[in-house]
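# Descriptive analysis of the structure
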2 protein chains.
Amino acid sequence: MEKTDHIIALISNIRDKSNKLIVNELKKASILDLAPSHGSILQLLFSTKESLSMQDISIKINRDKSTVTSLINKLIKLRYVEKVKNADDNRVSIITLTEKGWQLKPIFDAVSQKLLDSIYRGFDNDQKKEVVDVLVKINSNL
Amino acid sequence: MEKTDHIIALISNIRDKSNKLIVNELKKASILDLAPSHGSILQLLFSTKESLSMQDISIKINRDKSTVTSLINKLIKLRYVEKVKNADDNRVSIITLTEKGWQLKPIFDAVSQKLLDSIYRGFDNDQKKEVVDVLVKINSNL
DNA sequence: ACAAAATAGTTTGATATCAAACTAAAAAGG
DNA sequence: CCTTTTTAGTTTGATATCAAACTATTTTGT
């Protein structure tokens, strides 16, 4: 390659293609009404022992709190999660997975694995570490 | 670093922060009604000698043709571009910059430069090439 | 030469997203 | 205590985005 100015376009394209792969794989698993951001929330819930508030989720998935409200509303409507008020502080809502939500875990694990396999095709472990390190650096530069 | 599984989140964050930086810099230049995608179109037009159809733009900026219709409609309303039908093939529309559109070039050039300076802070030329190469590889893996 | 297929672009409808204004509850501070 | 400020979350309004259906041209195949 010659120029290095199209890095933003590259990153944008990678993100778009990753999201399309996720949506596509979910479709294959007959999950038609969830977007990648819903997946981010679910995987956060799968992997977090402590209880998570709306704000926790907002910070962790890097989305505005009002966006999280609407994402969670959808997950509630689909009965994947539940929302209960924190007794100690009534401003805070705690989000928990339902049984139906937990059933999605293997599907999302498989989708994640498929995406990582695609992205890292032809990379050994050191190369993976290198690319993540450099992306961490860019991320902290911004 | 430990894990390399959060690469998608990293890429997503970098994209979001880049877009925020762009919107912010445009705001400083009193440009309040353009999103990064409008900037992609304008910069494509700045840098392309040949005439560009709606489809050309759709392919180059990697957005659905219907998205391009609405992005171009906004640019037309703001008088930054014009749309004329191709005489040889009446299905095709050709998009050209107006005088007012060309006036945005220095602003967008400066914004791009600022973004690249941020992203690449602490990188030498070889490191820039390396990261672009690896992103190109990931992009083609998807 | 004409019917069928392909192509370029628009319209329509749905949704994720953000920012700003708002509501309600808790904390701070005099 | 009681007022002020901060904090958590929702509502509202705007917009970029996509996919699917549609319209209008051009191309193709027989």
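See the structure shown above.
A brief report on the enclosed structure follows. (Residues numbered from 1 in each chain as written. Chains lettered and ligands numbered in written order. Predicted model: local features only at pLDDT ≥ 70, side-chain atom pairs only at ≥ 80, totals over all residues. Heavy atoms only, no water.)

## Structural notes on the packing of helix α1 (residues 7-28) of chain A against helix α7 (residues 125-141) of chain B
The angle between the axes and the distance between the axes are what describe a pair of packed helices. At their nearest, the axes of α1 of chain A and α7 of chain B sit 10 Å apart, and the two run at 30° to each other. It follows from the interaxial angle that α1 of chain A and α7 of chain B lie roughly parallel. The chirality of how α1 of chain A crosses α7 of chain B is left-handed. Contacts between α1 of chain A and α7 of chain B involve Ile7, Leu10, Ile11, Asn13, Ile14 and Lys17 of chain A on the former and, on the latter, Val131, Val132, Leu135, Val136, Ile138 and Asn139 of chain B. Here the residues of the contact of α1 of chain A with α7 of chain B are counted per class, giving 9 nonpolar, 2 polar and 1 charged. (Axes fitted to C-alpha atoms, helices over the stretch in contact; angles between N-to-C directions. Helix = DSSP H or I, 4+ residues; strand = E, 2+ residues; numbered from the N terminus. Parallel < 35°, antiparallel > 145°, perpendicular 65-115°, else oblique. Left-handed = near helix turned anticlockwise from the far one by under 90°. Contact = heavy atoms within 4.5 Å. Nonpolar A, V, L, I, M, F, W, Y, C, P; charged D, E, K, R; others polar.)

## Side note on helix α6 (residues 105-119) of chain A
In this model, α6 of chain A (15 residues) spans 21 Å end to end at C-alpha, consistent with the 21 Å of a helix rising 1.5 Å per residue. Listing the buried residues of α6 of chain A in full gives Phe108, Val111, Leu115, Leu116, Ser118 and Ile119 of chain A. The arc enclosing the buried residues of α6 of chain A, seen along the axis, measures out at 160°, which places them on a common side. In this fold, the buried residues of α6 of chain A make contact with α1 and α2 (36-47) of chain A together with α1 (7-28) and α7 of chain B. (Expected span 1.5 Å × (residues − 1). Buried < 20%, exposed > 50% of the residue type's maximum accessible area, 1.4 Å probe, protein only. Arc of directions from axis to C-beta.)

## Quick notes on helix α4 (residues 65-77) of chain A
Residue and element names in this part refer to chain A. With 13 residues, α4 ought to run about 18 Å at 1.5 Å a step, and its terminal C-alpha atoms sit 18 Å apart, in line with that. If you check which residues of α4 are buried, you get Val68, Leu71, Ile72 and Leu75. Down the axis of α4, the buried set is contained in an arc of 100°. They therefore lie on one face. Summarising the contacts, the buried residues of α4 are in contact with α2, α3 (54-61), β2 (81-85) and β3 (93-97). Looking at the residues trailing α4, positive phi occurs at Arg79, about 65°.

## Describing the sheet that holds strand β1 (residues 52-53) of chain B
Residue and element names in this part refer to chain B. With antiparallel pairing, the 3 strands of this open sheet are ordered in space as β1-β3-β2. Looking at the sheet topology across the chains shown, the edges are occupied by β1 and β2 (81-85). In the sheet, β1 pairs with strand β3 (residues 93-97) via 2 bridges, with the strands oriented antiparallel. Bridging from a neighbouring strand, Ser53 pairs with Ile94 of β3. Helix α4 (residues 65-77) rests against β2 and β3 of the sheet, and its axis sits at about 115° to β2. (Pairing = 2+ DSSP bridges.)

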